[in-house]
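# Inside the fold
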Amino acid sequence: MEFIGKTHIDFMGMKKFSFAISIVIAILGIIGIVRIALGTANMGIDFSGGTAVQLKFAQPVHIDRAREALAKHGIHDANLQELKTGNKLLVKVGKTSLPQGNAADLIQTAFQKELTGNTFVVESSTEIGPAIGDKLRKDTLVAVAISMIGILIYIAWRFDFTFGVGALVATLHDVLAMFAVFFLLDKEVNLLFITAVLTIAGYSLTDTVVVFDRIRENLHKNTKDSLETIFNFSINEVLSRTIITALTTFLAAGSLYFFGGEVIHDFALALVVGILVGVYSSVFVASPIVEVWGRRPKASKA
Amino acid sequence: MSKGLTWRFGLILLFIFLSGIYLTPTFVSPLPSWWKGLLPKDRINLGLDLQGGTHLVMEVEIQKAVEGALDLIASDLEDSLSAKTIRFKKIGRIASDRIQLTFYDRGTADTVQKMVKEKYPTLELVPPYDEGGFVSMQLRMGEKEAQERKDRAVAQALETIRNRIDQFGVSEPVIAREGLTHIVVQLPGIKDPKRAIELIGRTARLEFKLVDETVNPATATPGTIPEDSELLMEKKTDPTTGAVTEIPLVVKKKAMITGDLLTNAQVRIDSQFNQPYVAIEFNSTGARLFDQVTAANVGKRFAIVLDNNIYSAPVIRERISGGSAQISGSFSEKEAADLAIVLRAGSLPAPVKVIQNETVGPSLGQDSITKGLMAGLVGVALVVVFMAIYYKLAGLVANFGMVLNVLYLMGALAALGATLTLPGIAAIVLLIGMSVDSNVLIFERIREEMRLGKPPKAALDAGYDKAFLTIMDSHVTTLITAAVLFQFGTGPVKGFAVSLSLGIIINLFTALVGTKSIFDFALSRLRIKRLSI
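Rules of the game
- Throughout, residues of each chain are indexed from 1 in the direction in which the sequence is written.
- Here chains are named by letter from A upward and ligands by number from 1 upward, in the order in which they appear as written.
- Only residues with pLDDT of at least 70 are given local features in this predicted model, and only at 80 or more are side-chain atom pairs given and counted; all residues enter the totals for whole chains, interfaces and linings.
- Excluded from the side-chain calculation are hydrogens and water; included are all heavy atoms of the structure.
- UniProt positions are given in the numbering used here, feature names are shortened, and annotations may be inferred rather than shown by experiment.
- Here a helix means four or more residues in a row that DSSP labels H or I, a strand means two or more in a row labelled E, and each is numbered from the N terminus.
- Any residue under 20% of the maximum accessible area for its type is buried, any over 50% is exposed, and the rest in between are partly exposed; the area is computed with a 1.4 Å probe on protein chains only.
- Any two residues whose heavy atoms approach within 4.5 Å are treated as being in contact.
- Here the accessible surface of atoms and residues is derived via Shrake-Rupley with a 1.4 Å probe, and residues count as covered only by protein chains that are part of the display.
- Two strands qualify as a pair provided DSSP detects at least 2 bridges between them.
- Here the bounds of each domain stem from an automatic or database domain assignment.
- Salt bridges are counted wherever a side-chain nitrogen of Lys or Arg sits within 4 Å of a carboxyl oxygen of Asp or Glu.
- Reported buried area values correspond to the accessible surface (1.4 Å probe) lost by two parts on association, with both partners' losses combined.
- By the criterion applied in these results, polar contacts are pairs of N or O atoms within 3.5 Å in which, for protein atoms, one can donate a hydrogen and the other can accept it, and in which residues neighboring in sequence qualify only through two side-chain atoms.
- Lines fitted to the C-alpha atoms define the axes, with helices restricted to the stretch that makes contact. Angles between their N-to-C directions range from 0 to 180 degrees.
- When the near helix sits turned anticlockwise from the far one by under a right angle, the crossing is termed left-handed; a clockwise turn instead gives a right-handed crossing.
- Polar here means any residue outside two lists: the nonpolar Ala, Val, Leu, Ile, Met, Phe, Trp, Tyr, Cys and Pro, and the charged Asp, Glu, Lys and Arg; Gly therefore counts as polar.
- One less than the residue count of a helix, multiplied by 1.5 Å, gives the span that helix is expected to have.
- Only buried residues count toward a nonpolar core. Its members are Ala, Val, Leu, Ile, Met, Phe, Trp, Tyr and Cys residues joined through side-chain atoms within 4.5 Å.

Chain B has the name Protein translocase subunit SecD in an unreviewed UniProt entry, where Geobacter metallireducens is given as its organism. Its UniProt record, at the heading Subunit (unreviewed entry), says of chain B: "Forms a complex with SecF. Part of the essential Sec protein translocation apparatus which comprises SecA, SecYEG and auxiliary proteins SecDF. Other proteins may also be involved." Looking at the Sequence similarities (unreviewed entry) heading of the UniProt record, one finds this comment for chain B: "Belongs to the SecD/SecF family. SecD subfamily."

Within an unreviewed UniProt entry, the label attached to chain A reads Protein-export membrane protein SecF, and the organism entered is Geobacter metallireducens. The UniProt entry for chain A carries this comment under Function (unreviewed entry): "Part of the Sec protein translocase complex. Interacts with the SecYEG preprotein conducting channel. SecDF uses the proton motive force (PMF) to complete protein translocation after the ATP-dependent function of SecA."

This is the structure in structure tokens:
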């Protein structure tokens, strides 16, 4: 079975549109990141801290019911835990995930209305700090920066410096796109999202390298045609592979998104977005950058 | 038969066998009685979201942080006055927020006042006043600075605790500050919570102090020893009976060297007595100090004190330069390992005490877990069906490779004692989608080669050969990311890096060795004439 036969799509010719789209995406992503840096974004409890409320119920509470009850009253991203001693429930709510008002009061009203017949008392209500402290955030940023440099060096060595830059820009582009989508949909940025971003960075890079590899191969075989022709030809050659891989990963991430339930919903969304953008960027961002830069990699390397 | 087919199948089977062994405790319970000795007994660790764990609330004794800081200032003042040969009667902390300096005459006090003002501008100074024939002055830490120090102490304690848990093993803890002085730590179902609590809660203030040989420790009481000395206990555990004996020892109050000058601590085994000890290394300042102190005190005893307990008090036989030393004591291998961890992770700026220790249930209800797992299964099934339809028999081979991939990964995670969370499982599902990527690359190449009219065997080999470099390049780049994240990341980022790098390495193996072996086997042994791809 085959989806597509031989294609002759002029990918390089579309770079004006694709660059325009990508610049908009990147700007949105940067706005999202700036808002995170300023602390005005929708940050999860991991980053912003919040309130922990401990409640003692008369009868055991089903944790999924409790989650639904809170969601009905606008508290979506609560972290719920049952304490093993005596029907106690620990509810943690992030600072920014509350519509307004006092977390403890909101939680009480929600439970009073939804869990009628199960009386409870609030045992304690305390402020909790972010689980991701400044140091952890800094360490992660440093790690990401170093790995980007490492990748740049590796690709520059295996291919050419321009390819390294292309791969790096494409990866950053995808990361920005994920931030852009989360910013536009006002989704919560938490540790899960960061994990998804790191996963996609790896995936997007893999995708780009595959396209680059074919370009390099064809550059060696064909020294007469223009770069644009060779780039187009190469991308078309690997197009069916690009589509199939995107499809298989999409099947996996998509089913997590559609059937996975509330807890991994946003995580799966980030993955789905990342996979789509990852494919787009390897064709429409990474390759055109290298082509525009317009140098043939030295023929001695392979 | 093609080269090394037996060898390759052997390797595949070996890995299946190993994964099976490591996964057995997770899936078989109770373990049969013969399953003991060297075979692994630990199940795959499930995260807080799936199975709950230990919920600890610790209180940082922040007042002690302020007192500690003042004690340091007092001893620093003492040092600098002695260095300038300025005579003083006494310098010491007299309340939780102030230091008192006492001099014999007004003149000295005035000189020192100027010096102190310059050196510690942030401290409030009570000017010299006459008191019982001497001249005293006091240094007080202001409310604001004390508050800042307290605040920093909690933040620092949090980082130190995180470091220790990181080094304790790959798990997915939650560590957050609660209120002003509390730190909440949640550990997913660990096997030995008591050991973990001890490790987290230990202050780990390491000091090297000279033994005061002028006093007989056996008869010494806190009242009879000189003011600059103190009575500490050396605990010795008899290795055969387990009985603990306490030997009193009088040491100088002032620490010659402290643990903050360490750069590394590792467990080593003494080859002569087969006893574990902790080898420590100092930074350059520490090394210089250690060199000086040992040179000046050959023949004397040097006590190694951790949290006011003496670990050992060896006699300095010769000058020790080079910046390394060792802490030996009669401890077990586990104790030595924990000691090395706390020394590496640094000491807590103030003692902490556990004020709440409870067991929490999973943060996800059964419904959520079931949903997540079901979604994962659906995803895997879709990929499997798609591959079988799109690539026919070759797709089945790729699916087999994928199953191997998951099995190996789970086995490796179990072997490493990593922690599995629901998002972690979701990531594995995504990895399944990605793991067929290598095979898709190869298959597309094979199809290209076949379109050029090559016979099956040649097309297959060419497909694998040409895809090889691409697969290597794409995997190595991801591996670079994973390695760096592991090296420089902490906490959850580190855990992610472990699964990612394992996934990549395993994927390389299954894609390049696993599926290839099956194709080679089919072509050479089953004499298949046509590739179903």
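Having put the structure on the table, let's press on.
Attention now goes to the overall build of chain A. Helix and strand content of chain A: ten helices and four strands. Listing the helices and strands of chain A from first to last along the sequence gives α-α-β-α-β-β-α-β-α-α-α-α-α-α. Judged by the C-alpha coordinates and their principal axes, chain A covers about 80 × 45 × 30 Å. The buried share among the 302 residues of chain A stands at 57%. In chain A, 79% of the contacts between residues at least 6 apart in sequence involve partners at least 24 apart. Accessible surface, chain A as shown: approximately 12,800 Å² in total, 64% of it carbon and sulfur.

Bringing the pairing of strand 9 (residues 206-210) of chain B into the picture now. Residue and element names in this part refer to chain B. Of all five residues making up strand 9, five are buried, and the element is well covered by its neighbours. Bridging between strand 9 and strand 15 (residues 302-306) involves five bridges; their strand directions are antiparallel. Within strand 15, the position partnered with L210 by the bridge is F302.

Looking at the assigned domains, one finds that chain B contains domain 1 (3-19 + 362-526), domain 2 (63-145) and domain 3 (202-358). Domain 1 of chain B and domain 3 of chain B are separated by 50 Å when their C-alpha centres are compared.

The next subject is the pattern of salt bridges. Two side chains of opposite charge can pair, provided their charged atoms sit close to one another. All names here are of chain B. Within the structure shown, the criterion is met by 39 salt bridges over all chains. In this structure, the salt-bridge partner of R149 is E145, at a minimum N-O distance of 3.6 Å. In this pair, R149 and E145 are both assigned in helix 5 (residues 143-168), four residues apart and thus about one turn of the helix distant. Among the residues examined, R149 registers a relative accessible area of 25% and is labelled partly exposed. Classification of E145 by relative accessible area gives buried; the value is 17%. For D461, the salt bridge is made with K516, and the minimal N-O distance between the two is 3.3 Å. Residue D461 is found in helix 11 (residues 456-488), and its partner K516 is found in helix 12 (residues 492-524); the two are separated by 55 residues along the sequence. Among the ionic contacts, a cluster of salt bridges with common partners joins R8, K457, D461, K516 and D520.

So, on to the interface of chain B and chain A. Taken together, the contacts link 74 residues of chain B with 75 residues of chain A. Overall, the association of chain B and chain A removes approximately 6,300 Å² of surface from exposure, summing both partners, and the carbon and sulfur fraction of that is 66%. Broken down residue by residue, the surface that chain B buries against chain A is led by Y390, L430 and D473 of chain B, which jointly contribute 10%. Between the two partners, chain B and chain A, sit six salt bridges. The salt bridge involving E217 of chain A is made with R445 of chain B; its shortest N-O contact spans 2.4 Å. Applying the counting rule to chain B against chain A returns 20 residue pairs in polar contact (both at pLDDT 80 or more).

Time to look at the packing of helix 5 (residues 134-158) of chain A against helix 6 (residues 161-184) of chain A. All names here are of chain A. Relative orientation of the contacting elements helix 5 and helix 6 amounts to 145 degrees, with a least axis distance of 7 Å. Every pair of crossing elements has a handedness; the one defined by helix 5 and helix 6 is right-handed. The residues of helix 6 that touch helix 5, namely those facing M148, L152, I155 and A156, are F161, F163, G164, V165, A167, L168 and T171. Classifying every residue of the contact of helix 5 with helix 6 by side-chain character gives nine nonpolar, two polar and no charged.

Turning next to the side chain of D174 of chain A. Looking at the secondary structure, you find D174 of chain A in helix 6. If sequence neighbours within four positions are ignored, D174 of chain A has contacts with S204, V277, G278 and S281 of chain A.

Quick look at helix 8 (residues 333-345) of chain B now. Residue and element names in this part refer to chain B. Compared with an ideal rise of 1.5 Å per residue, which puts 13 residues at 18 Å, helix 8 spans 18 Å between its outermost C-alpha atoms and is within 8% of the ideal. If you check which residues of helix 8 are buried, you get A336, D338, L339, A340, I341, V342, L343 and A345. Following helix 8 by one or two positions, G346 adopts a phi angle in the positive range, close to 95 degrees.

With that settled, the discussion passes to the nonpolar core. Ranked by size, the top nonpolar core spans 131 residues in total, and within it F193 of chain A together with M387, Y391 and F443 of chain B carry the most contacts. If you tally residues by element for this core, the top one is helix 9 (residues 366-416) of chain B, at 19 residues. Here F443 of chain B is in contact with M387, Y391, A394, G395, A398, F519 and I533 of chain B, once residues within four sequence places are set aside. If you look at the next biggest cluster of nonpolar residues, it comprises 28 residues, including I257, A265, I280 and L306 of chain B.

Looking now at unusual backbone geometry. The backbone of D186 of chain A shows a phi angle near 55 degrees, a positive value even though the residue is not glycine. Turning to its location among the elements, D186 of chain A is positioned in the loop between helix 6 and helix 7 (191-221). On the basis of relative accessibility, which here comes to 49%, the residue D186 of chain A falls in the partly exposed class. Although it is not a glycine, K392 of chain B adopts a positive phi angle of roughly 55 degrees.

Once that is clear, we can look at the sheet that holds strand 14 (residues 275-282) of chain B. Residues and elements named next belong to chain B. Strand order in the open sheet formed by three strands is 13-14-17, with antiparallel pairing between adjacent strands. At either end of the open sheet lies a strand with only one pairing partner, and these are strand 13 (262-270) and strand 17 (324-327). Averaged over neighbouring strand pairs, the angle between their axes works out to 30 degrees when direction is ignored. When strand 13 meets strand 14, the two strands line up antiparallel, connected through eight bridges. Its bridge partner lying in strand 14, L262 is registered against F282.

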